[in-house]
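# Structural features, examined
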Amino acid sequence: MRSSLPIYILLLGLALGTTKADDNPCQDVGLAGFVCLNCTTLGYCIRDGTGKWETKSMLDCQSEHNFFCSDEGTFGCTWQSQCKVPKRGPFHCQQEGSFPDPYDCRRYHKCSDQSVDSPHICSNGAGYSTLTDSCVLPRESEQCTEEQFSCSRSGQVGGWTADNRYFYVCIDDTESSLYPVMMKCREGYVFNGYSCVPESALKNLDGSLQEEESSKCVDKTRYECPFRTSEIQYCKCVDGEQQVITCPSGFHFDTRIMTCVSERIHQCKDFEVLNCPNVIAKNEYCICIEQQLQIYDCPKGHYFNAENLLCQEE
Ligand SMILES: *[C@@H]1O[C@H](CO)[C@@H](O)[C@H](O)[C@H]1NC(C)=O
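Criteria and cut-off values
Residues numbered from 1 in each chain as written. Predicted model: local features only at pLDDT ≥ 70, side-chain atom pairs only at ≥ 80, totals over all residues. Heavy atoms only, no water. Helix = DSSP H or I, 4+ residues; strand = E, 2+ residues; numbered from the N terminus. Buried < 20%, exposed > 50% of the residue type's maximum accessible area, 1.4 Å probe, protein only. 1 Å grid on protein atoms, 1.4 Å probe; cavity = no way out; pocket = protein on both sides within 12 Å on 5 of 7 lines; lining within 4 Å. Points joined across faces, edges and corners; volume = space filled by probe spheres on them. Nonpolar A, V, L, I, M, F, W, Y, C, P; charged D, E, K, R; others polar. Phe/Tyr/Trp six-rings, centres within 6.5 Å; stacked < 30°, edge-to-face > 60°. Near = heavy atom within 4 Å. Polar contact = N/O pair within 3.5 Å; in protein donor to acceptor, adjacent residues only side chain to side chain. Areas by Shrake-Rupley, 256 points an atom, 1.4 Å probe, with all protein chains shown as cover. Contact = heavy atoms within 4.5 Å. Pairing = 2+ DSSP bridges. Disulfide = S-S within 2.5 Å. Core = buried A, V, L, I, M, F, W, Y, C linked by side-chain atoms within 4.5 Å. Axes fitted to C-alpha atoms, helices over the stretch in contact; angles between N-to-C directions. Salt bridge = Lys/Arg side-chain N within 4 Å of Asp/Glu carboxyl O.

Naming follows an unreviewed UniProt entry, where the protein chain appears as Chitin-binding type-2 domain-containing protein of Drosophila rhopaloa.

Next comes the structure, spelled out in structure tokens:
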């Protein structure tokens, strides 16, 4: 028997790079000049004649003697009590606007309406703040010293602590494994832990934010994802976490009835209960309505018996 609901990879129509991130870090950095590729290597990023990024390793630091790469002020190996070079990863624009770089607080990205990324780096050595859209964050601030995202599985969603208009979705692609894709709620909306809600909805009487209470989702039903996805994807709360799920092949998500609906078919009668084609979850069944199949769930603790077409206790 097929087991639990598989969670599909959320791809959001990403233009994924073709080189593994670690082989060519400059592809992720996207700015010419010196950069610490990791704790031990100072590199130089340069574009070749065809516009592709090339990574040149310039210098190796003796990390066993606490000399780590530095690209702040001085370029080279400096003595540091601990390495401060951030982990790097890919960045893909999803929406128009300014976005913080999830890895390096000094970096930010201006995304065009065509989803073209212009990477920027603060030239004054400070960190970029989305709140002021300028380089004013002290380098000692938490945003600069600690990783601001946590990705343990694909489809995972988290808020951007420093600015609740932003959130991220963890994406798993075979090229660079798990990484966060930065997103922003539309104007007037803020992220409450699992979806974008009107700003006013998040304030209680004394005006403070109710993050604790709303950070877990509880709704078990399907709903429209709070961020842009394709029309074959929807969101669902599973064990208190929002997950992005793809409709079975041949189905798309209908936001009016909040379920996956098939293309028109000819051979079913209204309100006929059927096995859904291509369905993977064992508790789902289909009902024919106006020549379309709509997916429904058996009650909790039940599965759909494909032979007698009934929901039965597990
Ligand atoms: C650091 O980056 C360089 C160049 O990309 C690579 O050759 C080296 O293996 C990396 N070192 C570590 C410890 O990851």
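Moving on, we come to the overall build of the protein chain. Scanning the protein chain for helices and strands turns up three helices and 25 strands. The 314 residues of the protein chain split such that 42% are buried.

This part is about empty space enclosed by the protein. Going through the model one piece at a time under the given rule, you end up with one cavity of 30 Å³ or more. Together, D28, V29, R88, G89, D101, Y103 and R107 line the largest cavity. In the lining of the largest cavity, the residues fall into two nonpolar, one polar and four charged.

Before going further, it helps to spend a moment on the packing of aromatic side chains. According to the stated counting rule, one finds ten aromatic pairs in the structure shown. On the numbers, 4.9 Å between centres and 75° between planes, the contact of F34 with Y44 is edge-to-face. With F34 in strand 1 (residues 33–38) and Y44 in strand 2 (residues 41–47), this residue pair connects regions lying ten residues apart in the sequence. One aromatic cluster is present, formed by F34, Y44 and F75 through successive ring pairs.

Take the site of the ligand next. For the ligand, the full set of nearby residues is L37, N38, T40, T41 and S57. N38 has a polar side-chain atom sitting 2.3 Å from an oxygen atom of the ligand. Relative to its free-state accessible area of 360 Å², the ligand is covered by the protein chains to the extent of 41%.

Within the element layout of this structure, K56 appears in strand 3 (residues 53–60). Placed 32 residues apart in sequence, K56 and N24 show a C-alpha to C-alpha distance of 8.9 Å. Leave out the neighbours within four places in its chain, and K56 touches L42, G43, Y44 and I46. Separated by 3.0 Å, the side chains of K56 and E54 make a polar contact.

Our focus in this paragraph is the pairing of strand 25 (residues 310–313). Taken together, the four bridges between strand 24 (residues 302–305) and strand 25 define a ladder with antiparallel strand orientation. For H302, the partnering residue across the bridge sits in strand 25 and is E313. In this structure, the hairpin formed by strand 24 and strand 25 is closed by a connection of four residues, where L309 is found at a positive phi of approximately 55°.

Attention shifts here to the state of the cysteines. Summed over the entire model, instances satisfying the criterion amount to 13 disulfides. Note that C61 is cross-linked by a disulfide to C77, the S-S spacing being 2.1 Å. The chirality of the disulfide connecting C61 with C77 is left-handed, given an S-S dihedral of about -85°. Note that C61 is positioned in the loop between strand 3 and strand 4 (67–72) and C77 in strand 5 (residues 74–79), a separation of 16 residues in sequence. Judged by its relative accessible area of 8%, C61 falls in the buried class. Relative accessible area serves as the criterion here: at 27%, C77 is assigned to the partly exposed category.

Membership of the largest hydrophobic core comes to 27 residues, with the highest contact counts inside it found for F167, M182 and F227. Examining the composition of this core, we find that six residues originate from one element, strand 12 (residues 166–173), more than from any other. Core analysis: the second largest hydrophobic core is formed by 13 residues, C247, F251, C276 and C286 among them.

The strand order across the open sheet formed by three strands is 6-7-8, and the pairing between neighbours is antiparallel. Either end of the sheet is taken by a strand with one partner, and the two such strands are strand 6 (97–100) and strand 8 (117–121). Taken over all neighbouring pairs, the strand axes of this sheet differ in orientation by 25° on average, direction set aside. Where strand 7 (residues 107–111) and strand 8 come together, five bridges link them in antiparallel fashion. Paired with C111 across the strands is D117, a residue of strand 8.

Mapped onto the elements of the fold, Y296 is located in strand 23 (residues 292–297). On a C-alpha basis, the gap between Y296 and C276 in space is 9.6 Å, while along the polypeptide they are 20 residues apart. Apart from the residues lying within four places of it in its own chain, the contact partners of Y296 are N283, E284, Y285, I287 and I289. A distance of 2.7 Å separates the side chain of Y296 from the side chain of Q294, its partner in a polar contact.

Under the definition given, this model contains 14 salt bridges. Note that R106 is salt-bridged to D71, the shortest N-O span being 3.2 Å. Linking R106 in the loop between strand 6 and strand 7 with D71 in strand 4, this pair joins segments that are 35 residues apart in sequence. A relative accessible area of 4% places R106 in the buried class. Residue K110 pairs with D133 through a salt bridge whose shortest N-O separation is 3.4 Å. With K110 in strand 7 and D133 in the loop between strand 9 (127–129) and strand 10 (134–137), this residue pair connects regions lying 23 residues apart in the sequence. Residue classification places K110 among the partly exposed residues on the basis of a relative accessible area of 31%. Owing to a relative accessible area of 40%, D133 belongs among the partly exposed residues under this scheme. Overlapping salt bridges bring together D71, E72, R88, D104, R106, R107 and R139 as one network.

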